[in-house]
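# Overview (structure and organization)
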Amino acid sequence: MNIDFSMVIPYLPILFQAAGVTIVITLLSQGIGTVLGFFLALGRMSRFPVLRGIVWTYVLIFRGTPMLLHLFFVYYAAPAFGVTLEPFPAAIVAMSLSTTAYNCEILRAGLQSVHPGQIEAAQAVGMSWPRILRRVVIPQALRVAIVPYMTNFISHTKGSSLASVITVPELMLTAQMIYSSTYRAIEILTAAGVIYLLLTSALTVLQLWLEKRLRYDERGLSRRRRRQLLLAAGGNG
Amino acid sequence: MADAPMIEVTGLAKTYGESVKALNGVDLTVQPGEVVCLIGPSGSGKSTLLRSLNFLEEPTGGVVKVAGRRVGFSDKGGQARRLGGRELAAQRAEIGMVFQLFHLWPHLSALENVILGLVEVRGLSTADAARVGHELMRKVDLAHKMDAFPEHLSGGQRQRVAIARALAMNPKVMLFDEPTSALDPELVGEVLAVMEQVAAEGMTMVVATHEMGFARRVADRVVFMDQGKVVEQGTPDEIFGTPKSDRLKRFLERVVA
């Protein structure tokens, strides 16, 4: 068997297009899953036991069952309940449900890592809860949550390949279709693997950048913040 | 007394679970401009009392009034109604608090710590708030540390920033919850000096403290607490010079020795 990677070249435009689909379903579901996960994390920390119980049950179910099953369920089983979705929206729904559960727990860990005294100090100056959340809790929570969050993000990017089973034309399904007609599995799978690695590497770089940005005390004040605070540039005010 | 009292506490109680009585019927009145020091052994209820004054601790009984208004509740129509988040926040903005462990916000510079309340609660622009903040940082002798992050400040410097942060809101009352207990001995003086200055400017202050020297020098009145109750109160001379109750005598023997 001779391996010839140049045979991949004509298929690159199709593979890149498929990678575009992978990016879109990953970003869309991760975006939805981040917003929902954040509110679920707040719900999980709520003082209302019923709300806490609902969120706990949600996480139990959706973190405890495979995303592959969620995809099948939304695509094949939901029509029995009168909901019929095209592959693309079905994938978004299933992938969002799944990653929401993980993001809920990751963001909760971040939010709960903030010392209660931090919140009390903000209450004592008269800040309302939404402002405390935005100005005191979230900035500190992000620093703790960023590593597990990005780990889940990367894991979710690779997990998007499961959407191939409900015929979403993303990278994995497209690679399969190409090698089943060309019998060039090694070359095509290698190409797909390289593209996945590029995508996840981009997220790894993003993580490094975010981690650096969130090391607030090491970075010092930005020029913009100094200007707003009427502090002399570079000096000690 | 011509002025209405600044703080009026009547029958204050705080019970945890069935049996633990952190506060067991405390009455306390503080006049405007008065400096009251709370002394007493650990677990005597000093902190719980202070934290009840701005409703960080919700009492299980009794009434707290600050500047004539009931804290945590509205008494409209004779029916006590628990205040909503916004109303409670507005009330707390009038009551400054300084914590034993500082609780500065680590992601903000010293100056940003001082002005966050002005921006978020009073709605000042960052520049206007910064002008107030600069002045307060000078007042606590930290003009050279405005851009430093809490991580890079000494304990004494952190506590002075925390005092500036509370003063920024221009509160009617300042509460100090053992402000020097977490400090290295050589840093205690700089914090007490700032507090003394604030007292001299006429601020109404309630200070839970183990610094008997400060209480003796600065307090108008010293309140000795034990087991959730006010056991004895009086002028510093009375409390330290002629203590009446055995419990206070024993306490003073231990702390002064």
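All residue numbers here refer to positions counted from 1 along the written sequence of the relevant chain. Chains carry letters and ligands carry numbers; both start at the beginning, A for chains and 1 for ligands, and go up in the order they are written. For this predicted model, a pLDDT threshold of at least 70 governs which residues receive local features, and a threshold of 80 or more governs which side-chain atom pairs are given and counted, while totals over whole chains, interfaces and linings are taken from all residues. The basis for the side-chain values is all heavy atoms of the structure; hydrogens and waters are excluded.

## Some details on the overall build of chain A
The following threshold applies: Secondary structure is summarised from DSSP: a helix means a run of H or I of at least four residues, a strand means a run of E of at least two, and numbering begins at the N terminus for each. Note that the radius of gyration is over C-alpha atoms, with the globule rule given as 2.2 Å times the number of residues to the power 0.38. Only protein chains enter the accessibility calculation, which uses a 1.4 Å probe; a residue whose area is less than 20% of its type maximum is buried, one above 50% is exposed, and one in between is partly exposed. Two residues qualify as a contact provided that any one of their heavy atoms is within 4.5 Å of a heavy atom in the partner residue. Here Asp and Glu are counted as negative and Lys and Arg as positive; His is not counted, and neither are the chain ends. Taken as the charge centre is NZ of Lys, CZ of Arg, CG of Asp or CD of Glu, depending on the residue.
For chain A, the count of helices and strands is ten helices and zero strands. Over its C-alpha atoms chain A spans a radius of gyration of 22 Å, topping by over 25% the 18 Å that the globule rule assigns to 237 residues. In terms of its C-alpha atoms, chain A occupies a principal-axis envelope of roughly 70 × 50 × 25 Å. Within chain A, the proportion of its 237 residues that are buried is 43%. Nonlocal contacts in chain A, meaning residues at least 24 apart in sequence, comprise 76% of its contacts between residues at least 6 apart. Side chains of chain A carry 20 positive and 9 negative charges; the gap between the two charge centres is 15 Å.

## A look at the packing of helix 1 (residues 12–44) of chain A against helix 7 (residues 171–182) of chain A
Residues and elements named next belong to chain A. Quick reminder of the rule: Helix axes are fitted to C-alpha atoms over the stretch in contact, other axes to C-alpha atoms as well, and angles between N-to-C directions run from 0 to 180 degrees. Should an angle fall under 35 degrees it is taken as roughly parallel, and over 145 as roughly antiparallel, whereas 65 to 115 is taken as roughly perpendicular and any remaining angle as oblique. Note on residue classes: Ala, Val, Leu, Ile, Met, Phe, Trp, Tyr, Cys and Pro are nonpolar, Asp, Glu, Lys and Arg are charged, and everything else, Gly too, is polar.
It is the contact of helix 1 with helix 7, at a shortest axis distance of 8 Å, that shows an interaxial angle of 155°. With respect to helix 7, the axis of helix 1 lies roughly antiparallel. Taking contact as the criterion, the partners of Ile14, Leu15, Ala18, Ala19 and Thr22 in helix 1 are, on helix 7, Leu171, Thr174, Ala175 and Ile178. Counted by class, the contact of helix 1 with helix 7 contains seven nonpolar, two polar and no charged residues.

## Section: a positive patch on the surface
Residue and element names in this part refer to chain A. The following threshold applies: Patches in this entry comprise residues that are over 30% relatively accessible and not in a salt bridge; like charges within 9 Å are linked, as are nonpolar side chains (Val, Leu, Ile, Met, Phe, Trp, Tyr) within 5 Å. To be clear on the numbers: accessible area is Shrake-Rupley with a 1.4 Å probe, and residue cover counts the displayed protein chains and nothing else. Between Lys or Arg on one side and Asp or Glu on the other, a salt bridge is scored when a side-chain nitrogen of the former is within 4 Å of a carboxyl oxygen of the latter.
Together, Lys212, Arg213, Arg219, Arg223, Arg224 and Arg227 give the surface a local cluster of positive charge. Secondary-structure elements contributing two or more residues to the positive patch are helix 8 (185–214) and helix 10 (223–228). At three residues, the largest contribution of residues to the positive patch is made by helix 10. The topology assignment puts Arg224 in helix 10.

## Topic: empty space enclosed by the protein
The cut-off we apply is this: Cavities and pockets are defined on a 1 Å grid built over the protein atoms alone: a cavity is a set of grid points where a 1.4 Å probe fits but cannot escape, while a pocket is an open set with protein on both sides within 12 Å along at least five of seven lines, and lining residues are those with an atom within 4 Å of any such point. Grid points are joined across faces, edges and corners, and a volume is the space filled by probe spheres set on the points.
Enumeration according to the criterion identifies one cavity of 30 Å³ or more in this entry. What the largest cavity holds in volume is close to 30 Å³. If you go around the largest cavity, the residues you meet are A:Ala121, A:Ala124, A:Val125, B:Gly96, B:Met97, B:Phe99, B:Arg165 and B:Ala166. Here the lining of the largest cavity is composed, by residue class, of six nonpolar, one polar and one charged.

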